[in-house]
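Listed below, chain by chain, are the residues.
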Amino acid sequence: MTKPCPCGSGKEHVECCTPYIKGEKPAPTAEALMRSRYSAYVFKELDYLKKSLAPEAVDGHDDASVKDWAEKAEWLGLEIHDTWAGGETDDTGIVEFTARYAIDGEELAHRERSEFRKIANEWRYVDGTMVSGPPVRKEPKVGRNEPCPCGSGKKYKKCCGR
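Residues numbered from 1 in each chain as written. Predicted model: local features only at pLDDT ≥ 70, side-chain atom pairs only at ≥ 80, totals over all residues. Heavy atoms only, no water.

A. A look at the UniProt feature "domain: YchJ-like middle NTF2-like" (unreviewed entry) in the protein chain. Summarizing the sequence annotation, UniProt attributes the feature "domain: YchJ-like middle NTF2-like" (unreviewed entry) to residues 29–128 in the numbering used throughout. Note that residues 29–128 is 34% helix and 45% strand, and that its end C-alpha atoms are spaced 17 Å apart. (UniProt positions renumbered as here; feature names shortened; annotations may be inferred. Helix = DSSP H or I, 4+ residues; strand = E, 2+ residues; numbered from the N terminus.)

Right, dumping it as structure tokens:
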């Protein structure tokens, strides 16, 4: 019995990312490569993670760090936020995603905007930039006409809300 692919596509892994990871066929899009790289972390397929890099990205690749992260993390899911180009007929593409994982019971999220380039008709990971998510308000919002939370007795708009 097969299992669903960890990339979140809804397909079984043998019909989704596994053929790319095993080298049976190339990923057809930048997003497919991104999903297969996430699955490679889950399956600890470290050779694929290195093989799927663009030549300029190989220099910065640290085998020990990648292995450590793949082995220590409990992979919880992948969410693709957006893609720009990266289709079957494109030469470059960008995929923004969040990979959720836990280390020592602490749940974490890695949000990145990744660049991909097609080299010899195969997609490769070039580089990524960390992206912060939307701001999270920690305090309740104070209305303009409510008393100022500083205790001055003035309306918020006439005090700290200026």
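B. Up close: the pattern of salt bridges. Counted according to the given criterion, the structure contains nine salt bridges. The partner of K22 in a salt bridge is E45, and the shortest N-O contact between them spans 3.3 Å. Of the two residues, K22 sits in the loop between α1 (18–21) and α2 (30–43) while E45 sits in the loop between α2 and α3 (46–51), which places them 23 residues apart along the sequence. Of the charged contacts in the structure, one is a salt bridge between R113 and E96, with a shortest N-O distance of 2.5 Å. Here R113, found in strand β3 (residues 106–119), pairs with E96, found in strand β2 (residues 92–103); they are 17 residues apart in sequence, far enough to count as distant. A residue is classified by how much of its surface remains accessible, and R113, at 36% relative accessible area, is partly exposed. Each of E96, R111 and R113 takes part in salt bridges that share partners, so that together they form one network. (Salt bridge = Lys/Arg side-chain N within 4 Å of Asp/Glu carboxyl O. Buried < 20%, exposed > 50% of the residue type's maximum accessible area, 1.4 Å probe, protein only.)

C. The arrangement of the side chain of H13 in detail. Secondary-structure assignment places H13 in the segment before α1. Excluding its chain neighbours within four sequence positions, the residues that come into contact with H13 are K3, P4, C5, P6, T18, P19 and F43. (Contact = heavy atoms within 4.5 Å.)

D. Region of interest: the sheet that holds β3. One open sheet holds the four strands; their spatial order is β1-β2-β3-β4, and the pairing between them is antiparallel. Where the open sheet ends on each side, the last strands, each with one partner, are β1 (74–85) and β4 (122–130). Adjacent strand axes in the sheet meet at a mean angle of 30° when their direction is disregarded. Bridge analysis of β3 against β4 gives eight bridges, and the strand direction is antiparallel. Its bridge partner being in β4, F116 is matched across the sheet by Y125. Along the sheet, α2 contacts β1, β2, β3 and β4; its crossing angle with β1, the most-contacted strand, is approximately 165°. Across the sheet, helix α5 (residues 63–72) lies against β1, β2 and β3, angled at about 55° from β2, the strand it touches most. (Pairing = 2+ DSSP bridges. Axes fitted to C-alpha atoms, helices over the stretch in contact; angles between N-to-C directions.)

E. The pairing of β3, seen in detail. Pairing of β2 with β3 involves 12 bridges; the strand directions are antiparallel. Looking at the pairing, V95 lines up with S114 of β3. Here β2 hands over to β3 after two residues, with D104 in that stretch at a positive phi of 55°. From the end of β3 to the start of β4, which pair antiparallel, there are two residues, and A120 there has a positive phi angle of about 50°.

F. Quick look at the pairing of β1. Examined bridge by bridge, β1 and β2 share 10 bridges and lie antiparallel to one another. Its bridge partner lying in β2, I80 is registered against F97. Two successive antiparallel strands, β1 and β2, enclose a turn made up of six residues, where G86 displays a positive phi of approximately 80°.

G. Representation of the environment of P26 in the model. Inspection of the secondary structure puts P26 in the loop between α1 and α2. Counting along the chain gives 97 residues from P26 to W123, while the straight-line C-alpha distance between them is 7.5 Å. If sequence neighbours within four positions are ignored, P26 has contacts with Y20 and E122.

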